[in-house]
Amino acid sequence: MNIGLEQVEMHLEAGQLVRLYDPVGTRLACVRGALWITQHKDRDDHFLAAGDGLTLDRPGLALIHAQAPSEFLLHEPAPQISLRTRMVSALAAALCATGRWIALRFGPEAVAHHQFQGWRGAL
């Protein structure tokens, strides 16, 4: 879909048509009027009246046709975080945790702590 906004309000006169390309996950909410929605490779047509909603779930073309003067809202889906991004984030977190563990065990504070214990134990 890629309209660049989280929510768009649209007004259509009877007979007007809106084409949405690849709107998977887009939520459509009819505020007033009557809408007919069809999606690519969907055998079912959807008819919405005021107060009805529909989440578009197909890639390809979706058509929204106003049966009467209509007003509706389009809500874009939240961006999906890719598997690659999630894996990179997990790896970065693991490396940070490993670095903290190494610093605690072998860093300057650990060396000073071990020397102090050794000096104390010698007395």
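These lines cover the structure that appears in this document, whether it is placed above or below. (Residues numbered from 1 in each chain as written. Predicted model: local features only at pLDDT ≥ 70, side-chain atom pairs only at ≥ 80, totals over all residues. Heavy atoms only, no water.)

**What about the overall build of the protein?**
When you go through the protein residue by residue, the secondary structure sums to two helices and eight strands. Walking the protein from its N terminus toward its C terminus, one meets helices and strands in the order β-β-β-β-β-β-β-β-α-α. In the protein, which comprises 123 residues, the proportion classed as buried is 22%. Nonlocal contacts in the protein, meaning residues at least 24 apart in sequence, comprise 70% of its contacts between residues at least 6 apart. Here the protein has roughly 8,800 Å² of accessible surface; of this, 60% comes from carbon and sulfur atoms. (Helix = DSSP H or I, 4+ residues; strand = E, 2+ residues; numbered from the N terminus. Buried < 20%, exposed > 50% of the residue type's maximum accessible area, 1.4 Å probe, protein only. Contact = heavy atoms within 4.5 Å. Areas by Shrake-Rupley, 256 points an atom, 1.4 Å probe, with all protein chains shown as cover.)

**Here we look at the pairing of strand 8 (residues 70–75)**
Most of strand 8 is tucked away, with five of its six residues classed as buried. Inspection of the sheet shows strand 1 (residues 7–12) paired to strand 8 by six bridges, in the antiparallel sense. Across the sheet, residue Leu12 finds its bridge partner in strand 8, namely Ser70. (Pairing = 2+ DSSP bridges.)

**Focus: the side chain of Gln39**
With respect to the helices and strands, Gln39 occurs in strand 4 (residues 34–39). For Gln39, a relative accessible area of 5% puts it in the buried group. Those residues in contact with Gln39 that lie beyond four places of it in its chain are His46, Leu56, Asp57, Arg58, Leu61 and Ala62.

**Quick word on the nonpolar core**
Leu20, Leu28, Leu35, Ile37, Leu48, Ile64 and Phe72 are the most contacted members of the largest nonpolar core, which has 15 residues in total. Counting residues per element, the ones that place at least two in this core are strand 2 (17–21), strand 3 (27–32), strand 4, strand 7 (61–66) and strand 8. Looking at this core, the element that brings in the most residues is strand 7, giving three residues. Residues in contact with Leu48, not counting those within four places in the same chain, are Leu28, Cys30, Gly33, Ala34, Leu35, Ile37, Gly53 and Leu54. (Core = buried A, V, L, I, M, F, W, Y, C linked by side-chain atoms within 4.5 Å.)

**Observations concerning the sheet that holds strand 6 (residues 53–55)**
Paired through backbone hydrogen bonds, the strands of a sheet run either parallel or antiparallel to each other. Read from one edge to the other, the open sheet built from four strands follows the order 1-8-3-6, with strand pairing classed as antiparallel. Of all the strands in the sheet, the pair left with one neighbour each is strand 1 and strand 6. The mean angle between the axes of side-by-side strands here comes to 20°, regardless of whether they run parallel or antiparallel. (Axes fitted to C-alpha atoms, helices over the stretch in contact; angles between N-to-C directions.)

**A short note on the pattern of salt bridges**
By the definition in use, this model includes three salt bridges. Here Arg32 and Glu71 are joined by a salt bridge, their closest N and O atoms 3.5 Å apart. Of the two residues, Arg32 is situated in strand 3 and Glu71 in strand 8; the sequence distance between them amounts to 39 residues. The exposure class of Glu71 is buried, given its relative accessible area of 15%. The partner of Arg58 in a salt bridge is Asp42, with the nearest N and O atoms 3.7 Å apart. Of this pair, Arg58 sits in the loop between strand 6 and strand 7 while Asp42 sits in the loop between strand 4 and strand 5 (46–49), and the two are 16 residues apart along the sequence. (Salt bridge = Lys/Arg side-chain N within 4 Å of Asp/Glu carboxyl O.)

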